[in-house]
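Examining the three-dimensional arrangement
One-letter residues, chain by chain:
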Amino acid sequence: MVERRPLLIFFAHAVLITGVAFICLPLWITLVASSHDLPRMFQAPAPLWFGDHMLENYRTVLERGLGANAPPVGPMLVNSLIMALIIAIGKITISMLSAYAIVYFRFPFRMGFFWLIFITLMLPVEVRILPTFKVVSDLGMLDSYGGLTIPLIASATATFLFRQFFLTVPEELAEAARIDGAGPLRFFRDILLPLSKTNIAALFVIQFIYGWNQYLWPLIVSTNESYYTVVMGISRMVNAVDTAPQWNLVMATAMLALIPPVIVVLAMQRLFVKGLVESEK
Amino acid sequence: MIKRATFQGRALPYALLLPQIAITLVFFFWPAGQALVQSVLLEDAFGLSTKFVWLDNFERVFSDAYYLNSMRLTAVFTVTSCVIAMAVSLLLATMADRVIRGAGVYKTLLIWPYAVAPALAGVLWGFMFNPTIGVLAYVLEAVGIKWNFYVNGDQALFLITLAAAWMQVSYNFIFFLAGLQAIPRSVIEAAAIDGAGPFKRFWTIIFPLLSPTTFFLFVLNIVHLFFDSFGIVHALTGGGPGRSTEILVFKVWSDSFRALDLGGSAAQSVVLMAIVIALTVMQFRYIERRVHY
Amino acid sequence: MATIDLVEVRKIYPNGVEAVKGIDLAVADGELIVLLGPSGCGKSTLLRMVAGLETVTKGEVRIDGARVNDQEPAARDIAMVFQNYALYPHMRVYDNMAYGLRNRRMPRPEIDRRVRAAAETLGLSTLLDRKPRQLSGGQRQRVAMGRAIVREPKAFLFDEPLSNLDAKLRGQVRVEIKRLQRRLGTTSLYVTHDQVEAMTLADRLVVMNQGAAEQIGTPDEIYSRPATLFVAGFIGAPAMNIVDGTMEKGSVRLGGAGAPTLPLERAQAAGRAVKIGLRPEHLVPDPAGPLALAIDLVENLGADALLYGRVPGGASLVVRVEGAALHKAGETLRFAVLPRNVHLFEPKNARRIAA
């Protein structure tokens with residue numbers, strides 16, 4: 001660094017540690033809370049250090065749930081996983097194909113389709129909740145994985161990311177492929193796809209998290225308990241009408257709900273950061 | 001925009017585009033069109049009678065005190081949250097750019113909240129501030145503040161603002177750090193040689209060069225706060241107490257699914273659409289002026 | 001105006017790498033010293049230590065006799081011209097040049113006077129309101145120099161300023177830098193890997209290799225009396241011919257028996273193994289000369305030509321002759337060389353042997 005000012009470095013570390021504390025505090029409190037038994041949760045304030053009911057709580061929550069309104073968390077986790085995977089894989093596949101078509105082919109209405117996709121950037125689900133719900137309902141897709149995922153699968157950001165990336169692939173590769181007798185599909189499979197690996201990985205992380213964290217949509221589309229996802233399921237536990245929330249179990253559920261995406265982010269941190277920064281350009 | 005080397009194919013491009021276009025038409029444009037249409041109709045919940053009413057629904061919406069309340073709340077919530085999130089993340093990013101040892105650890109510890117769903121963030125913060133047993137509520141009571149966000153509307157608004165800011169910090173941090181690292185080291189060194197101390201360097205050189213990133217994040221934060229915070233509100237306050245946290249997106253959902261006010265909620269949706277379009281256009285416009293060097 | 005003194009300056013990085021291995025240099029007031037060497041030789045590191053952008057591990061850096069090791073760059077009253085110019089992209093040319101003066105709280109009229117004077121000298125007067133991205137490479141480079149000039153510092157530090165310019169521009173700007181420095185009389189340290197720049201600009205040259213100074217001297221000294229094999233081979237294009245040989249009484253033999261011998265100015269001990277250095281341009285065609293070159297490749301450059309070949313005994317030589325080559329591959333041509341242009345080096349330590 002330019003200057004050697006130990007005071008400044010000390011200050012920097014102090015600020016960062018404070019920042020980390022602010023950011024990580026909720027996680028700590030939640031984790032600790034999930035390790036205590038219910039009676040402890042009725043004493044103010046909530047505990048700051050671990051209890052010894054952790055395994056017990058998690059098992060309860062996974063297998064039995066909280067009682068009346070709250071189904072066991074295990075199946076909900078599975079639903080979340082399925083939803084996240086379908087969305088991530090589906091989105092990537094569809095966007096790659098569309099981006100490929102737009103970049104590497106000339107055909108009538110090409111720009112028209114491009115703008116069509118572009119416009120969807122401006123129509124997040126929240127802006128058309130009721131009518132989209134109606135369409136899904138009319139198609140009989142409520143309470144199904146299809147209904148949960150398909151309306152969220154066609155997004156413009158992924159398509160643009162791939163389009164941008166494809167534009168940076170040297171012309172010569174495609175020309176060489178043509179001379180080598182490779183048709184468009186073969187070129188896509190043998191050359192473009194391997195080159196796109198990092199982009200795909202980065203996008204996978206972002207979309208997996210997006211899919212897993214969906215709240216509003218599953219809230220509307222899943223009326224049957226067996227299709228609840230864990231993120232939406234939590235609100236039911238917290239806002240339980242009849243009884244006070246069983247905080248230790250709620251927090252255990254919260255931990256279960258946030259651990260998978262956090263693991264994905266941490267494991268693929270470098271890729272994910274790169275993908276995020278590139279995709280918004 | 002298009003490659004020089006292209007492939008021949010009559011049907012192939014259309015086939016490749018088909019999945020995305022099909023889904024887009026069925027689940028984006030058709031419903032959006034429906035919303036537009038619905039916003040100029042007056043229809044009862046059972047669909048028995050429909051009347052074309054021009055902009056009556058819009059008038060009704062804009063003269064509804066609750067809606068105006070919602071707009072005001074949303075503005076306050078969004079701007080406050082955005083400013084807090086951006087200031088905090090900029091500070092953290094600047095510090096993280098400075099330290100050499102432990103930079104990676106700090107980065108990891110500050111990035112993970114990106115993975116947390118807004119609804120979960122709401123639950124977590126709600127727990128910490130729970131009037132009965134919340135750790136932070138306890139601290140507040142200890143310094144003499146009567147804390148109960150289930151009853152006090154301002155406190156509820158404060159809480160969701162805090163939760164939303166918490167969520168946005170990690171996202172902003174990533175971008176600010178990238179922006180800082182994109183500034184050439186030699187420019188900073190030249191400034192040092194030119195007699196500018198660290199503080200002066202930050203305000204006269206670094207901050208101006210970060211302005212594209214800052215503006216971009218500002219717009220993005222606003223968009224996120226408009227929509228993603230549905231989860232926070234729904235899980236934490238349910239719009240209350242007494243509509244004190246009923247932000248626009250929440251109201252749309254509430255009016256659609258609880259009040260079953262089809263025309264009104266459609267009109268609200270259209271208004272939201274207009275806001276998003278305006279923000280997106282602003283964002284793309286400015287991107288053209290982004291590159292400095 | 002100031003003197004710069006480097007006393008046993010060393011730079012050792014935390015991971016143990018020694019980038020600069022004890023440099024001693026005394027720069028007189030107004031001198032232009034060039035630090036020359038290949039990539040990674042430590043020249044830029046040395047410059048940055050003088051600037052204060054790198055810490056000095058051992059030794060002292062003195063400006064005007066005062067030790068500055070612990071002083072911040074801003075306090076040292078030096079100005080630096082970076083390789084990629086490092087202009088402030090968001091400021092106009094005027095503000096780029098004024099920034100340093102504003103930070104030092106100079107009164108506005110004085111700043112204005114200095115900026116306009118520098119702009120005038122560098123031909124930037126019409127560009128003062130433009131932003132860097134609207135300028136060409138050469139113009140940006142001049143703004144970088146303007147920023148340094150207005151400060152009227154004790155010393156200029158140049159870090160490969162011409163590397164990013166195209167060849168033609170490089171030649172022009174090089175001359176401008178030389179003229180400017182002469183006129184202002186400011187002590188200057190100039191880093192480059194280009195020997196042409198070095199030889200034309202330097203009052204004195206420091207040839208560096210792997211962190212150490214191989215030789216310090218005027219361009220003429222460096223050229224005519226290289227102190228080590230490295231310096232001999234680095235300066236001059238095409239590079240000096242280096243041939244293994246043995247000493248004989250009053251002469252040196254280019255190889256084993258049968259190889260030609262060259263007379264020396266002073267008698268030396270016989271039998272000693274040496275490395276012989278002969279510059280291509282010092283081998284002069286001479287029908288009675290000792291070196292019979294069997295040509296096997298001719299490169300015609302227009303103004304001169306390069307002849308590649310072998311002499312008896314197997315040594316390969318490159319010779320530069322003026323004008324178009326009148327000889328072709330396969331022919332033999334005889335050459336002579338003046339005794340003072342025969343350089344001898346000790347094979348074990350690569351150092352020059354007085355001959």
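Residues numbered from 1 in each chain as written. Chains lettered and ligands numbered in written order. Predicted model: local features only at pLDDT ≥ 70, side-chain atom pairs only at ≥ 80, totals over all residues.

Turning our attention to the nonpolar core. Judged by nonpolar contacts, the single largest core of 167 residues is most densely connected at A:Tyr100, A:Ile234, A:Ala254, B:Leu120, B:Val123, B:Ala163 and B:Val249. Examining the composition of this core, we find that 17 residues originate from one element, helix α3 (residues 73-104) of chain A, more than from any other. Residues within four places of B:Leu120 in sequence aside, it is in contact with A:Val231, A:Ile234, A:Ala254, A:Ala257 and A:Leu258. In terms of nonpolar packing, the next biggest core, distinct from the first, is built from 110 residues, C:Val81, C:Tyr94, C:Val115 and C:Leu333 among them. (Core = buried A, V, L, I, M, F, W, Y, C linked by C-beta atoms within 7 Å. Buried ≥ 20, exposed ≤ 12 C-beta atoms within 10 Å, placed from the backbone. Helix = DSSP H or I, 4+ residues; strand = E, 2+ residues; numbered from the N terminus. Contact = placed C-beta atoms within 7 Å.)

What follows deals with the domain arrangement of chain C. Residues and elements named next belong to chain C. Each assigned domain of chain C is listed here: domain 1 (4-233) and domain 2 (241-353). Centre-to-centre, using C-alpha coordinates, domain 1 lies 39 Å away from domain 2. Listed by partner, the interface residues are eight residues for domain 1 and eight residues for domain 2. Considered class by class, the residues forming the side of domain 1 that touches domain 2 number five nonpolar, two polar and one charged. (Domains from an automatic or database assignment. Nonpolar A, V, L, I, M, F, W, Y, C, P; charged D, E, K, R; others polar.)

Opposite the 82 residues of chain A that make contact, chain B presents 82 residues. Elements represented by at least two residues in the side of chain A that touches chain B include exactly α1 (6-33), α3, α4 (110-119), α5 (129-138), α8 (171-179), α12 (230-238), α13 (247-267) and α14 (269-279) of chain A. The element contributing the most residues to the side of chain A that touches chain B is α1(A), with 14 residues. In the side of chain A that touches chain B, the residues fall into 64 nonpolar, twelve polar and six charged.

Bringing the sheet that holds strand β16 (residues 291-300) of chain C into the picture now. Residue and element names in this part refer to chain C. Strand order in the open sheet made by the five strands is β15-β19-β16-β17-β18, with antiparallel pairing throughout. The open sheet has two edge strands with one neighbour each: β15 (284-285) and β18 (316-322). Where β16 lies against strand β19 (residues 332-336), four bridges are found, and the strand directions are antiparallel. Bridged to Leu293 within β19 is Leu333. (Pairing = 2+ DSSP bridges.)

Our next topic: the sheet that holds strand β5 (residues 66-67) of chain C. All names here are of chain C. Spatially, the four strands line up as an open sheet ordered β2-β1-β4-β5, and their pairing is antiparallel. At either margin of the open sheet sits one strand with a lone partner, and together these are β2 (18-27) and β5. Of the pairings in the sheet, the one linking strand β1 (residues 4-12) to β2 comprises seven bridges and is antiparallel in character. Along β2, the bridge assignment pairs Asp5 with Ala26. Sheet contacts for helix α1 (residues 43-51): β1, β2 and β4 (58-63); angle to β1, the most-contacted strand, approximately 120°. (Axes fitted to C-alpha atoms, helices over the stretch in contact; angles between N-to-C directions.)

Overall, the predicted model of chain A reaches an average pLDDT of 84, with 94% of residues at or above 70. Predicted confidence in chain A is weakest over α14(A), with a mean pLDDT of 77, and strongest over α3(A), with 90. (pLDDT = per-residue confidence, 0-100.)

Okay, helix α9 (residues 184-195) of chain A next. Between its first and last C-alpha, α9(A) extends 15 Å over twelve residues, near the 16 Å set by a 1.5 Å rise per residue. On the buried face of α9(A), the contacting elements are α3, α7 (156-168) and α8 of chain A together with α1 (12-39) of chain B. (Expected span 1.5 Å × (residues − 1).)

Right, let's get into the pairing of β1(C). Residues and elements named next belong to chain C. In terms of strand pairing, β1 meets β4 through five bridges, oriented antiparallel. Note on β4: the bridge partner recorded for Val7 is Glu60. Two successive antiparallel strands, β1 and β2, enclose a turn made up of five residues, where Gly16 displays a positive phi of approximately 95°.

A word on the pairing of strand β17 (residues 304-310) of chain C. All names here are of chain C. Bridge count for β16 against β17 is six bridges, and the pairing is antiparallel. Opposite Val298, over in β17, you have Leu307 as the bridge partner. Once β16 ends, the chain turns through three residues before running back antiparallel as β17, passing Gly302 with a positive phi of about 95°. Alignment of β17 against β18, held across seven bridges, turns out to be antiparallel.

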